[in-house]
Structures are given as C-alpha cells and as structure tokens.
Amino acid sequence: MSDEEVEKTGGCLCGAVRYAFTGDAELGVQCYCLDCQKISGAGNLPQYVIKRARLTLLGQPTVHRRKSAAGNDLEIAFCPDCGSPIYKATSMAQDLIMLTVGTLDDPSMFSPTHKPYQQTRQPWDES
Ligand SMILES: [Zn+2]
Ligand SMILES: [Zn+2]
C-alpha cells in the first residue's frame, strides 16, 4: 500500500468531531503569531497542512470567521462541545487546510518546516 492510500485520523478531545485524510503534510507550520497563541491557549500553534480535498470531516465543527493581521479571511473550526481547535483555513490558500497537530491521533508524525512570527514568540516558549 502506498503512503497516499494510508488513512490518517484525528479528532477533538470529546470525540464529537473526527476527521480522516490521506497523504502527507504539504507543510509543517509552527506559528507564534498572537492569533495562534489565542487559538491554542499556548505559546504557538503547530499545524499539519494538507490539501483540503483530502480531508473528510465527521461531525460538525463550529467555524469562527475573522480577518488576519494581513487582511485575509480566516476560518477557525473548533468543537462546539469541548472547544478543541480542529483546523484553520485562510483565503490566501483556499486549497489547503491547517489541522491542529494536537488533534492528530498520532501527533508524532508532525515535523515543523516553517516557524513564522518569531517576533511575537514568548521568551518562555522553547519549542
Ligand atoms: Zn469535542
Ligand atoms: Zn499564526
């Protein structure tokens, strides 16, 4: 079986929202921007970026919409029940979806390739 066919899965803390996808990450983003700090409730938000067309959502996340600092339309999807952030999407790259790494069933498959917004990284965040 090729890696393209292996299904990977993830979901929120309570299990109300689950997802599945095939293929590997296009990018591994570990973002230190202030929005990502709010979304994660932590110092950064690790994101496993995949082609949106590869994602199958099971369950209905709540989607919060806002403008990014750069003026792009952002979507942040989270579980309406337990509040786990599930994914981010941006109008700047509509074919991509950024899964929050902590919701992957196997978060160890993440490896960061991009670490943007170092200027707002917290001094205590050594990741
Ligand atoms: Zn949940
Ligand atoms: Zn960010």
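Just above, that's the structure.
All values reported here derive from a predicted model rather than from experimental measurement. Residue indices begin from 1 for each chain and proceed along its sequence in written order. Both sets of labels track the order of writing: A upward for chains, 1 upward for ligands. A pLDDT threshold of at least 70 governs which residues receive local features in this predicted model, and a stricter bar of 80 or more applies before side-chain atom pairs are shown or counted, although totals over entire chains, interfaces and linings include all residues.

### Here we look at the sheet that holds strand 9 (residues 96–100)
Any two strands with at least two DSSP bridges between them are considered paired. By definition, any uninterrupted DSSP run of H or I lasting at least four residues is a helix, any uninterrupted run of E lasting at least two residues is a strand, and each is numbered from the N terminus. Strand order across the open sheet formed by 6 strands is 3-4-9-8-7-6, with antiparallel pairing between neighbours. Taken across any chain shown, the strands that pair with only one partner, and hence form the sheet edges, are strand 3 (27–31) and strand 6 (62–67). Direction aside, neighbouring strands of the sheet carry axes that sit 25° apart on average. Sheet analysis places strand 3 next to strand 4 (residues 45–51), joined by 5 bridges and oriented antiparallel. Opposite L27, over in strand 4, you have V49 as the bridge partner. Note on method: axes are straight lines fitted to C-alpha atoms, helices fitted across the in-contact stretch only, with angles between N-to-C directions ranging 0 to 180 degrees.

### Regarding the nonpolar core
I50, I86, Y87, I97, M98 and L99 are the most contacted members of the largest nonpolar core, which has 22 residues in total. Those residues within four positions of I86 in sequence are excluded, and the remaining contacts are C12, V17, P61, A77, F78, C79, T100 and T103. Nonpolar cores are built from buried Ala, Val, Leu, Ile, Met, Phe, Trp, Tyr and Cys residues. These are joined into a set through C-beta atoms within 7 Å. Residues are called buried when their C-beta atom has 20 or more other C-beta atoms within 10 Å, exposed when it has 12 or fewer, and partly exposed otherwise; all C-beta atoms are positioned from the backbone. Here contacts are defined at the residue level, using C-beta atoms placed from the backbone and a cut-off of 7 Å between them.

### Points about the environment of C12
Structurally, C12 can be placed in the loop between strand 1 (7–11) and strand 2 (18–22). Owing to 24 C-beta atoms within 10 Å, C12 belongs among the buried residues under this scheme. A sequence separation of 73 residues divides C12 from P85, and the C-alpha atoms of the two residues are 7.4 Å apart. Discounting residues that sit within four places of it in the chain, C12 has contacts with V17, C79, C82, S84, I86 and T103.

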